[in-house]
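The residues making up each chain are set out below.
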Amino acid sequence: FFFFQAEDGIRDFCLSRGLGDVYKRQKYDNCQISYIEPKVIYQGGKVGDKREGYGVQIWEDGGKYEGEWQNDKANGMGCFYYANGDVYQGNWKDNKIDGHGKFTSKSGIIYEGNWMMDQPEGYGVEQIEDGSVYTGNFRQGMRHGEGKRVWTDGSVYQGEWANDLMDGQGEYKWSDDCVYVGQWSKGMMNGKGVMTWNEGSIYQGSWFYNLRHGKGQLISPDGTITDCEWINGKRIS
């Protein structure tokens with residue numbers, strides 16, 4: 001999944017850049033401006049040499065953090081403006097995004113929810129570039145656990161996810177009202193499941209990566225049941 005992982009160069013937000021370097025300080029409007037080599041500027045509260053309270057730090061590439069500091073690290077509420085136009089606003093813990101927050105990318109991805117160690121973790125809502133929306137659980141930055149995704153054409157999947165893909169037990173309803181209920185693996189129908197077409201016919205049985213495979217039953221709209229067997233989507237009996 002995750003949009004954050006494409007920003008590895010900014011991933012630590014450079015908040016640790018320059019720590020331990022020699023500071024050049026001067027008083028300005030009841031706070032301090034610190035020039036952290038190379039060309040990193042901090043303006044805000046300090047206790048001794050440590051950033052404390054409210055402050056703004058700007059990096060040479062244009063990235064900017066504005067918010068709360070504690071023990072020389074971003075802690076509490078803050079907003080990070082990425083040089084590429086992305087924005088994160090929310091909670092921080094020891095220079096990491098941690099707690100509740102909202103990330104908005106320039107490309108159109110929006111995630112709002114819980115975070116841990118710079119990644120979505122727990123419950124959140126993600127608006128994806130294609131316009132679809134996922135509401136549910138995340139683990140280590142990926143859709144994982146129970147969740148629901150709604151596409152712009154009206155198609156809906158609700159069920160289990162693993163590593164960003166539909167995986168486990170779930171229901172998918174297409175925009176034309178066809179419905180599959182059953183097992184999924186790596187984003188595809190796989191295992192036992194029931195497909196109901198919009199004209200009323202039903203197949204219940206085994207699937208292998210989106211193809212009917214193995215034994216099952218066909219049920220016609222009038223209720224007639226026919227036992228059948230399939231191999232890789234082709235009926236053999």
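Bear in mind that the values here come from a model prediction, so they are computed numbers and not experimental data. (Residues numbered from 1 in each chain as written. Predicted model: local features only at pLDDT ≥ 70, side-chain atom pairs only at ≥ 80, totals over all residues. Heavy atoms only, no water.)

A.B. asks: Looking at this model, I keep getting lost on the overall build of the chain. Mind explaining?
C.D. replies: Per the secondary structure count, the chain includes 0 helices and 20 strands. The long-range fraction of contacts in the chain, counting pairs at least 24 apart against all pairs at least 6 apart in sequence, stands at 11%. For the chain, the exposed surface amounts to about 12,400 Å²; the carbon and sulfur share of it is 50%. (Helix = DSSP H or I, 4+ residues; strand = E, 2+ residues; numbered from the N terminus. Contact = heavy atoms within 4.5 Å. Areas by Shrake-Rupley, 256 points an atom, 1.4 Å probe, with all protein chains shown as cover.)

A.B. asks: What's the story with the pattern of salt bridges in this structure? I'm lost.
C.D. replies: Side-chain pairing between opposite charges can occur once the charged atoms of the two side chains come close. Taken as a whole and judged by the stated rule, the model has 8 salt bridges. Here Lys173 makes a salt bridge to Asp177, at a shortest N to O gap of 3.9 Å. Residues participating in the shared-partner salt-bridge network are Glu126, Arg143 and Asp164. (Salt bridge = Lys/Arg side-chain N within 4 Å of Asp/Glu carboxyl O.)

A.B. asks: Sorry, what's going on with the side chain of Arg143 here?
C.D. replies: Positionally, Arg143 belongs in strand β12 (residues 142-150). A polar atom in the side chain of Arg143 sits 2.8 Å from the side chain of Glu126. (Polar contact = N/O pair within 3.5 Å; in protein donor to acceptor, adjacent residues only side chain to side chain.)

A.B. asks: What should I look at first to understand the environment of Asp222 in this one?
C.D. replies: Relative to the helices and strands, Asp222 is located in the loop between β18 (211-219) and β19 (225-231). Once the C-alpha coordinates of Asp222 and Gly200 are considered, the two residues, 22 residues apart in sequence, prove to be 8.5 Å apart. Side-chain polar atoms of Asp222 contact the side chain of Ser220, separated by 2.3 Å.

A.B. asks: Quick question: what am I supposed to make of the packing of aromatic side chains here?
C.D. replies: Any aromatic ring pair is given by two values, namely how distant the centres are and how the planes are angled relative to each other. Scanning the entire structure with this criterion turns up 23 aromatic pairs. Seen in terms of ring centroids, Tyr82 and Phe103 are 6.0 Å apart; in terms of plane orientation they differ by 80 degrees. Their pairing is edge-to-face. Placement of the pair is Tyr82 in the loop between β6 (73-81) and β7 (87-93) and Phe103 in strand β8 (residues 96-104), with a sequence separation of 21 residues. Judged by relative accessible area, which is 5%, Tyr82 ranks as buried. Over the ring of Tyr134 we find Arg143; its NZ or CZ atom is 5.7 Å from the centre of that ring. Note that Arg212 overlies the ring of Tyr203, its terminal NZ or CZ placed 5.4 Å from the centroid. (Phe/Tyr/Trp six-rings, centres within 6.5 Å; stacked < 30°, edge-to-face > 60°. Buried < 20%, exposed > 50% of the residue type's maximum accessible area, 1.4 Å probe, protein only. Lys NZ or Arg CZ within 6 Å of the ring centre and 35° of its normal.)

A.B. asks: Before we go on, may I ask you to explain the pairing of β19 in this structure?
C.D. replies: Strand direction decides the pairing type here: β18 and β19, joined by 6 bridges, are antiparallel. Counterpart to Ile219 in the pairing with β19 is Ile225. Between β18 and β19, which pair antiparallel and follow one another directly, the connecting turn spans 5 residues, one of which, Gly223, has a positive phi of 95 degrees. Bridge count between β19 and strand β20 (residues 234-235): 2 bridges; the pairing is antiparallel. Note on β20: the bridge partner recorded for Trp230 is Arg235. Hairpin geometry of β19 and β20 is characterised by an intervening segment of 2 residues between the two adjacent antiparallel strands and by a positive phi of about 50 degrees at Asn232. (Pairing = 2+ DSSP bridges.)

A.B. asks: What is the right way to look at unusual backbone geometry in this model?
C.D. replies: Peptide bonds are mostly trans, and most non-glycine residues show a negative phi. Notably, Asn95 is not glycine yet its phi reads approximately 70 degrees, a positive angle. Looking at the element boundaries, Asn95 is found in the loop between β7 and β8.

A.B. asks: I keep staring at the side chain of Ser105 and nothing clicks. Help me out?
C.D. replies: Here Ser105 lies in the loop between β8 and β9 (110-116). Looking at Ser105, the relative accessible area reads 9%, which means it is buried. Within polar-contact distance, the side chain of Ser105 engages the side chain of Ser107 at 2.9 Å.

A.B. asks: Explain the environment of Lys173 here, please?
C.D. replies: Tracing the sequence through the fold places Lys173 in strand β14 (residues 165-173). Counting along the chain gives 23 residues from Lys173 to Val150, while the straight-line C-alpha distance between them is 9.8 Å. When residues no more than four places from it in sequence are discounted, the contact partners of Lys173 are Gly154, Ser155, Val156, Cys178 and Val179.

A.B. asks: So what exactly am I meant to see when it comes to the pairing of strand β5 (residues 64-70) here?
C.D. replies: Every regular strand shows the same layout, with side chains that alternate between the two sheet faces. Note: strand β4 (residues 50-58) against β5, 6 bridges, orientation antiparallel. When the sheet's bridge partners are listed, Gly55 is paired in β5 with Gly67. Where β4 folds back onto β5 in an antiparallel hairpin, the turn is made up of 5 residues, including Gly62, whose phi is positive at roughly 100 degrees. Where β5 and β6 come together, 6 bridges link them in antiparallel fashion.

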